[in-house]
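# A closer look at the structure
As a plain string of letters, each chain reads:
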Amino acid sequence: MERRRVALAGVTTALVGFASSSAVVLAGLQAAGASPAQAASGLVALCLTQALGMLWLVQRTKLPVVLAWSTPGAALLAAGTVPDGGWPAAVGAFAIAGVLIVLTGLWPALARAVAAIPATIAQAMLAGVLVALCLAPVRALVDQPFDILPIVLVWLVLIRFAPTWASPAAFAVGLIVLGVEAALHGGVNGPLLPALEPVVPSFTWQAAVGIALPLYVVTMASQNVPGSAVLASYGYRVPWRESMVVTGVGTLAGAPFGGHAINLAAITAALAASPDTHPDPSQRWRAVRVSALVYLVLAALSTALTTLVGVAPGVLAAVAGLALLPTLASSLRAAMAEEGGRIPPVITFVVAASGISVLGVGAAFWALLAGLVAHVLLRRR
């Protein structure tokens, strides 16, 4: 009985993590310049690197340390534009972000510097980035009402009664809609078997500043720090240094194949670490091992999923926007948490939402810079 519970928790953790945000990942990678084949390769790489990272960490620590791809990072990419230098420059930025994550584990000074960034500024930057993406379901509902309305209705019902399953269920309905569209228009056209598409990275200062730095900041602030807090709430102490090194190395390994970043899971971490998984806290890590094995299976299906999504890209955008609405809500709440210091986060938010690009650098960096300057100038001494 206990083994079945552990196995079910592991399968649920993987399926919820994959289905709730894989649409965001595909949208983000393609917005950064990836072809459909390269975006599929990135999704495969992310599944593989986080599965291998989980297997390493749970075997060494016997703790339920769940890894995930950076959903806020993917959203940041989806809200941006193709960098100067194209997809190879984006891949180079992913590698830089991986180096920064490794350094966070090895160099305490960098960890302190990241911790010094006000959480309200980081969350406001993320919220501003998410606004454009969360408008996609509204626009798609007007343009494709018969395709999008079932997705929205299922999402709304489950947000009320089973929030954890709202995004996966919307994703499942989206797949059904895509299947119907494919049947009506002559089937799918593209590869179905998984393949890794290596790209030689190029390094440009615009991509380093406009992609790598914001990607690193939102991954740390919105994934790694909350992920550590979630495990702590269940009585586990995260092996911080080893987790950062493993996820940073995993990001570096996946970058040439299109993987943007992996990190500690936040939401799905609770599915494996809770008492529902196993009454004995020392046995819950086994669910993470099951989850890692499921991700290896999902890696094999990722290319077929990407090909199916190509039938009607608007459906993907709508599913991604719905999946990000709870993140937008929590980011706005966190950004406005300090009543006496709301102007810097508001400045950060509007700059990020503007979508501007200056000197080839996107809005996320300028939003972070503007927010920090406003914070320094307006803070009470």
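Residues numbered from 1 in each chain as written. Predicted model: local features only at pLDDT ≥ 70, side-chain atom pairs only at ≥ 80, totals over all residues. Heavy atoms only, no water.

## Some thoughts on the overall build of the chain
Quick note on the threshold: Secondary structure elements are defined from DSSP: runs of H or I of at least 4 residues count as helices, runs of E of at least 2 residues count as strands, and each element is numbered from the N terminus. This radius of gyration counts C-alpha atoms alone. The globule rule is 2.2 Å times how many residues there are, raised to the power 0.38. Exposure classes here rest on a 1.4 Å probe applied to the protein chains alone. A residue is buried below 20% of its type maximum, exposed above 50%, and partly exposed in between.
Of the regular secondary structure elements, the chain holds 16 helices and 2 strands. Taken against the 2.2 N^0.38 rule, which gives 21 Å for 381 residues, the C-alpha radius of gyration of the chain at 20 Å falls within 12% of a compact globule. Taking the principal axes of its C-alpha atoms as reference, the chain extends roughly 60 × 50 × 45 Å. A buried classification covers 51% of the 381 residues belonging to the chain.

## Focus: helix α8 (residues 145-161)
Threshold: Any helix carries an expected span of 1.5 Å times its number of residues minus one. Each C-beta atom gives one direction from the helix axis, and the arc is the one those directions make.
Counted at 1.5 Å a residue, the expected span for α8 with its 17 residues is 24 Å, and the 24 Å between its end C-alpha atoms agrees. Every buried residue of α8 is accounted for by Asp 147, Ile 148, Ile 151, Val 152 and Trp 155. Taken down its axis, α8 places every buried residue within 105 degrees of arc, on the same side. Relative to its buried face, α8 has exposed residues pointing more than 90 degrees away, namely Phe 146, Arg 160 and Phe 161.

## With respect to the environment of Ala 45
Turning to its location among the elements, Ala 45 is positioned in helix α2 (residues 36-61). Take Ala 45: its relative accessible area is 4%, and that puts it in the buried class. Residues Ala 45 and Gly 85, spaced 40 residues apart in sequence, show a C-alpha to C-alpha distance of 22 Å.

## Concerning the environment of Val 319
Quick note on the threshold: Note on contacts: a residue pair qualifies if any of its non-hydrogen atoms lie within 4.5 Å across the two residues.
If you trace the backbone, Val 319 turns up in helix α14 (residues 313-335). Those residues within four positions of Val 319 in sequence are excluded, and the remaining contacts are Ala 23, Ile 151, Ala 170, Phe 171 and Gly 174.

## Concerning the packing of helix α6 (residues 119-134) against helix α15 (residues 343-354)
As a reminder of what qualifies: Whenever a helix is involved, its axis is fitted only over the stretch in contact; in every case the axis is a line through C-alpha atoms, and angles between N-to-C directions fall within 0 to 180 degrees. Orientation categories follow fixed angle ranges, with anything under 35 degrees roughly parallel, anything over 145 roughly antiparallel, 65 to 115 roughly perpendicular, and all other angles oblique. In a left-handed crossing the near helix is turned counterclockwise from the far helix by less than a right angle, and in a right-handed crossing that turn is clockwise.
Following both chains from N to C, one finds α6 and α15 inclined at 30 degrees, their axes separated by 7 Å at the closest point. As the angle between them shows, α6 and α15 are arranged roughly parallel. When you trace α6 past α15, the crossing you get is right-handed. Mapping the contact onto sequence places Thr 120, Ile 121, Ala 124, Met 125, Ala 127, Gly 128, Val 129 and Val 131 in α6 and Pro 344, Pro 345, Thr 348, Phe 349, Ala 352 and Ala 353 in α15.

## Brief notes about the nonpolar core
This is how the line gets drawn: In these notes, a set of buried Ala, Val, Leu, Ile, Met, Phe, Trp, Tyr and Cys residues joined through side-chain atoms within 4.5 Å is what counts as a nonpolar core.
Among the nonpolar cores identified, the biggest contains 113 residues, and Phe 18, Trp 87, Phe 94, Ile 151 and Tyr 295 are the most heavily contacted of them. No other element matches helix α13 (residues 285-309), which puts 11 residues into this core. The contacts of Ile 151, once residues within four sequence positions are left out, are Ala 170, Val 173, Gly 174, Val 177, Val 315, Val 319 and Leu 322.

## Structural notes on the packing of helix α7 (residues 136-143) against α14
Running from N to C, α7 and α14 cross one another at 140 degrees; their axes reach a closest spacing of 7 Å. Taken as axis vectors, α7 and α14 run oblique relative to one another. In this structure, α7 meets α14 at a crossing whose hand is left-handed. Touching Ala 136, Pro 137 and Ala 140 of α7 are Gly 314, Ala 317, Ala 318, Gly 321 and Leu 322, all from α14.

## A word on the side chain of Ser 70
Assignment of secondary structure puts Ser 70 in the loop between β1 (67-69) and α3 (71-79). Contact partners of Ser 70, with chain neighbours within four places excluded, come to Leu 215, Thr 219, Gln 223, His 260, Ala 261 and Asn 263.

## What to know about the layout of surface pockets
Put simply, the rule reads: Of the grid points, spaced at 1 Å and generated over the protein atoms alone, those admitting a 1.4 Å probe that cannot get out make up cavities, while open sets with protein on both sides within 12 Å along at least five of seven lines make up pockets; any residue with an atom within 4 Å of a point is treated as lining. Grid points are joined across faces, edges and corners, and a volume is the space filled by probe spheres set on the points. Throughout, the ten residues Ala, Val, Leu, Ile, Met, Phe, Trp, Tyr, Cys and Pro are labelled nonpolar, Asp, Glu, Lys and Arg are labelled charged, and all others, Gly among them, are labelled polar.
Reported here for the largest pocket is a volume of approximately 970 Å³. Residues belonging to the lining of the largest pocket are distributed by class as follows: 31 nonpolar, 15 polar and 1 charged. Its boundaries defined by the atoms lining it, the second largest pocket holds a volume of some 380 Å³. Lining the second largest pocket are 26 residues, with Ala 79, Gly 80, Thr 81, Gly 362 and Ala 363 positioned closest to its centre. At the level of secondary structure, the elements contributing two or more residues to the lining of the second largest pocket comprise α3, α6, α10 (205-233), α15 and α16 (363-378). In terms of residues, the lining of the second largest pocket owes the most to one element, α10, which gives 4 residues.

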